Amino acid sequence: GENVEQHPSTLSVQEGDSAVIKCTYSDSASNYFPWYKQELGKGPQLIIDIRSNVGEKKDQRIAVTLNKTAKHFSLHITETQPEDSAVYFCAAMEGQTGANNLFFGTGTRLTVIP
Amino acid sequence: DVKVTQSSRYLVKRTGEKVFLECVQDMDHENMFWYRQDPGLGLRLIYFSYDVKMKEKGDIPEGYSVSREKKERFSLILESASTNQTSMYLCASSSPTGGNQPQHFGDGTRLSIL
């Protein structure tokens with residue numbers, strides 16, 4: 001099955017700086033890669049996703065890049081704000097089986113220091 | 001917006017008890033999932049269901065069972081609760097329509113087994 005690794009496990013940045021979280025996956029058949037943000041006391045919320053036919057996707061201060069050859073994808077947050085502080089999870093979805101199962105990384109706790 | 005509702009935010013039970021965790025979604029999604037979330041381990045899939053009365057084991061099904069009698073409701077059952085099942089439990093739903101789609105999560109049930 002798919003194996004997703006995520007780094008770093010914790011990340012502290014100054015407000016206004018950029019934050020980058022990186023993930024690798026093992027199954028070349030994976031073709032869908034969502035990112036989730038989990039705030040304290042809440043469930044994970046989808047913030048951005050990318051499909052394997054696209055190399056980059058942006059949504060305001062958030063961008064995701066995908067390198068299919070190297071099997072890695074990254075989340076970039078620019079101009080970070082204190083409300084970006086949360087745990088972020090990457091995930092990968094297998095394409096071959098037709099199943100809709102996600103395989104998650106172990107999470108990155110982002111702290112934005114005011 | 002998709003709403004996934006988990007019946008309890010916090011639950012305290014005793015070892016050996018039979019425990020029911022309930023999840024309801026309001027978007028007529030075919031797919032429903034149960035995860036447990038533990039620090040440093042990310043989200044691990046316990047069971048999932050693609051349709052009413054259908055269930056499939058995930059990565060860590062031991063000690064758990066599920067029930068899906070209605071499309072909108074997916075129940076997780078701890079047959080005989082043990083202390084190592086103390087965890088955060090997350091329910092999610094998704095639609096298989098239109099290719100790979102994100103999963104939408106509830107806010108979780110924090111379960112303590114004493």
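Note that residues are indexed from 1 along each chain, following the sequence as it is written. Whichever chain is written first becomes A and whichever ligand is written first becomes 1, with later ones labelled in order. Only residues with pLDDT of 70 or above have their local features reported here, since the model is predicted, and side-chain atom pairs are shown and tallied only from 80 upward, although totals for entire chains, interfaces and linings are computed over all residues. For side-chain calculations, the full set of non-hydrogen atoms in the structure is used, while hydrogens and water are omitted.

Draft legend 1. Local environment of the confidence of the model for chain A. What pLDDT reports is the predictor's confidence in each residue, on a scale of 0 through 100. Model confidence for chain A is summarised by a mean pLDDT of 92, while 95% of its residues fall at 70 or above. Here a strand is any run of E in DSSP of at least two residues, a helix any run of H or I of at least four, and the numbering for each starts at the N terminus. Per-element confidence in chain A ranges from a low mean pLDDT of 91 for strand β10 (residues 102-104) of chain A to a high of 98 for strand β3 (residues 19-25) of chain A.

Draft legend 2. Inspection of the packing of aromatic side chains at higher detail. Residue and element names in this part refer to chain A. Only Phe, Tyr and Trp rings are paired, with Trp represented by its six-membered ring, and only when their centres lie within 6.5 Å; those with planes under 30 degrees apart are stacked, over 60 edge-to-face, the remainder tilted. Per the counting criterion, the structure on display carries 13 aromatic pairs over all chains. Seen from their ring centres, phenylalanine 33 and phenylalanine 73 are 4.8 Å apart, and the 50° between their planes marks the pair as tilted. With a gap of 40 residues between them, phenylalanine 33 in strand β4 (residues 32-38) and phenylalanine 73 in strand β8 (residues 72-77) connect regions that are remote in the sequence. Residue phenylalanine 73 is classed as buried on the basis of its relative accessible area, which comes to 0%. For the exposure calls, accessible area comes from a 1.4 Å probe over protein chains only, and a residue counts as buried if that area is under 20% of its type's maximum, exposed if over 50%, partly exposed in between.

Draft legend 3. Inspection of the pairing of strand β6 (residues 56-59) of chain A at higher detail. Residue and element names in this part refer to chain A. Whether two strands pair depends on DSSP finding at least two bridges between them. Taken together, the 4 bridges between β6 and strand β7 (residues 62-67) define a ladder with antiparallel strand orientation. Within β7, the residue paired with aspartate 59 across the bridge is isoleucine 62. Between β6 and the antiparallel strand that follows it, β7, lie 2 residues; glutamine 60 among them carries a positive phi value of about 55°.

Draft legend 4. Seen up close, the interface of chain B and chain A. Facing the 22 residues of chain B at the interface are 21 residues of chain A. Summing both partners gives a buried area of about 1700 Å² for chain B against chain A, and 48% of it is carried by carbon and sulfur. Taken as a group, Leu43, Asn100 and Phe105 of chain B account for 32% of the area that chain B buries against chain A, more than any other trio of residues on that side. For salt bridges, the criterion is a side-chain nitrogen of Lys or Arg within 4 Å of an Asp or Glu carboxyl oxygen. Joining chain B to chain A, the criterion identifies 0 salt bridges. We define a polar contact as two N or O atoms separated by no more than 3.5 Å, with the added condition that, inside protein, one atom must be a possible hydrogen donor and the other a possible acceptor, whereas residues neighbouring each other in sequence contribute only through side-chain atom pairs. For the interface between chain B and chain A, the tally reads 5 residue pairs in polar contact (both at pLDDT 80 or more). Residue assignment for the side of chain B that touches chain A shows that the elements contributing at least two residues are β4 (31-38), β5 (42-49) and β9 (87-94) of chain B. Of the residues assigned to the side of chain B that touches chain A, the class counts are 10 nonpolar, 10 polar and 2 charged. Contacts are assigned to residue pairs that have any heavy atoms within 4.5 Å of one another. Two parts placed together each lose some accessible area under a 1.4 Å probe, and the buried area is that loss summed for both. All residues other than Ala, Val, Leu, Ile, Met, Phe, Trp, Tyr, Cys, Pro, Asp, Glu, Lys and Arg, Gly among them, are scored as polar; the first ten of these are nonpolar and the last four charged.

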